[in-house]
Amino acid sequence: MTSTTPGLVCGHHHLYSSLARGMPAPPLQPTNFLEILQQVWWRLDIALDLDMIYWSAKLGAVEALMSGTTGIIDHHESPNAIEGSLDVIAQACSEVGVRVVCSYGVTDRQGVDAGQRGLEENRRFIASGGRGMVGVHAAFTCSDELLESASGLANDLGVGVHIHVAEGVDDISAGARLEKLAQDNWLLVHCVHLDRELRGTIAHNPRSNMNNGVGYAYPSRRANKIILGTDGIGADMLEEMRLAYVAYRSDEVTLSPDLAWSWLENGYDFIPECRDDQVTWNYDHSDSPWHVAFTPGIRAINVRSSEGDELLQDGLPTRVDLNEVRSKASEAAIRLFAKL
Ligand SMILES: [Zn+2]
């Protein structure tokens, strides 16, 4: 028995993190969120080159497709390979057949010059026709000048800003600093410790928040529209929906699976074409929030794009060789780990 749904959207991803699984342990055991950034992610992103970014994005895109996810809103950082990085990610996704909205997360933490080069990568990619938003890492690693420049650039390009907001307590001042800048087309990621209302859509990432020990974000209490993201831990959106559901049930037992399902559907605001992609699942109630919430392990069998292309058949990608992508990604990961 099978059933179908539209393609799903991952509302916040880091395709560059696909190679991170199994990476060597950091020199120091991180004991809080800031140390996780310092010891894990900021050591990883600085070691990335364009070849690693390509295979990481391609593996992430294939795994998304195999999970019935046909659209990804990506947030990228690679301080030693900034120029052209968004083209590489867009190319890898296009080869697999997955739609992607790219952004380069600007920051001052590697110096003012790197911040400006990050802005320019966003500008260059979007102005040349790339599908993107202006990325910002987070307010606490940016000067006010860089935040204002990113906001102004997004306005000039007619796109929103994609930014981590108050993910941990280290970014507690984000609300005050972004209040005058945020627009309705901004994508505010996490907002666990956000102390006020900001304009924009909130991307809720329940698995990542638990993994980093940053606390629960209470998305159902926010006035903002909510979408679901994985924050780089794959792109299995039915899994993330189930997790979002039990996370809010642990706080408020009257909430139903329909709420988490509506957060999945809000992703179409950002990538509307995914609504016309068709995913066939190995389960006969994949379109029912009440069934999906209590059925782990539902798998995508076939994916047909809105243009009529068969992208996934019998659970395998049609445009790329899964084994080749996995082996090339493994080789890139070995090179990456050697540089850490
Ligand atoms: Zn993130």
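Scoring rules and cut-offs
Residues numbered from 1 in each chain as written. Predicted model: local features only at pLDDT ≥ 70, side-chain atom pairs only at ≥ 80, totals over all residues. Helix = DSSP H or I, 4+ residues; strand = E, 2+ residues; numbered from the N terminus. Rg over C-alpha atoms; globule rule 2.2 N^0.38 Å. Buried ≥ 20, exposed ≤ 12 C-beta atoms within 10 Å, placed from the backbone. Contact = placed C-beta atoms within 7 Å. Bend = angle between axes of the 7 residues up to and from the residue. Axes fitted to C-alpha atoms, helices over the stretch in contact; angles between N-to-C directions. Parallel < 35°, antiparallel > 145°, perpendicular 65-115°, else oblique. Left-handed = near helix turned anticlockwise from the far one by under 90°. Nonpolar A, V, L, I, M, F, W, Y, C, P; charged D, E, K, R; others polar. Pairing = 2+ DSSP bridges. Core = buried A, V, L, I, M, F, W, Y, C linked by C-beta atoms within 7 Å.

> Describe the overall build of the protein chain, with residues and values.
What the protein chain contains, in helices and strands, is 11 helices and 13 strands. Over its C-alpha atoms the protein chain spans a radius of gyration of 19 Å, differing by no more than 12% from the 20 Å that the globule rule assigns to 340 residues. Across the 340 residues that make up the protein chain, the buried fraction comes to 51%. Once local pairs closer than 6 in sequence are excluded, the contacts in the protein chain between residues at least 24 apart make up 72%.

> Talk me through helix 1 (residues 33-45); I want residue IDs and the actual numbers.
The sharpest bend along helix 1 reaches about 25° and sits at Q39. All buried positions along helix 1 are accounted for by L37, L44 and D45.

> Residue-level account of the packing of helix 8 (residues 237-249) against helix 9 (residues 257-265), with values.
Axis separation between helix 8 and helix 9 bottoms out at 9 Å; the angle between their running directions is 140°. As summarised for this structure, helix 8 and helix 9 are arranged oblique, according to the angle between their axes. As helix 8 runs across helix 9, the sense of the crossing is right-handed. Side by side, helix 8 and helix 9 meet where M237, M241, A244 and Y245 of the first sit next to P257, A260, W261, W263 and L264 of the second. Looking at the contact of helix 8 with helix 9, its residues break down into 9 nonpolar, no polar and no charged.

> Which residues make up the sheet that holds strand 12 (residues 310-313), and what values go with them?
Strand order in the open sheet formed by 5 strands is 1-10-11-12-13, and the pairing between neighbours is antiparallel. One side of each edge strand has no neighbouring strand; the edge strands of this open sheet are strand 1 (3-6) and strand 13 (316-317). One ladder, built from 4 bridges, connects strand 10 (residues 278-281) with strand 11 (residues 300-304); its direction is antiparallel. Paired with V279 across the two strands is V303, which belongs to strand 11.

> So what's going on with the environment of E77? Which residues, and what values?
One can find E77 in the loop between strand 3 (69-74) and helix 3 (85-96). Between the C-alpha atoms of E77 and D45, which are 32 residues apart in sequence, the distance is 6.2 Å. Those residues in contact with E77 that sit more than four places away from it in its chain are D45, G105 and H137.

> Hey, could you go over the nonpolar core for me, with residue numbers and the actual values?
Membership of the largest hydrophobic core comes to 99 residues, with the highest contact counts inside it found for A61, L65, I89, C93, V165 and M241. If we ignore the near neighbours within four places in the chain, the residues touching A61 are L15, A92, C93, V96 and V98.

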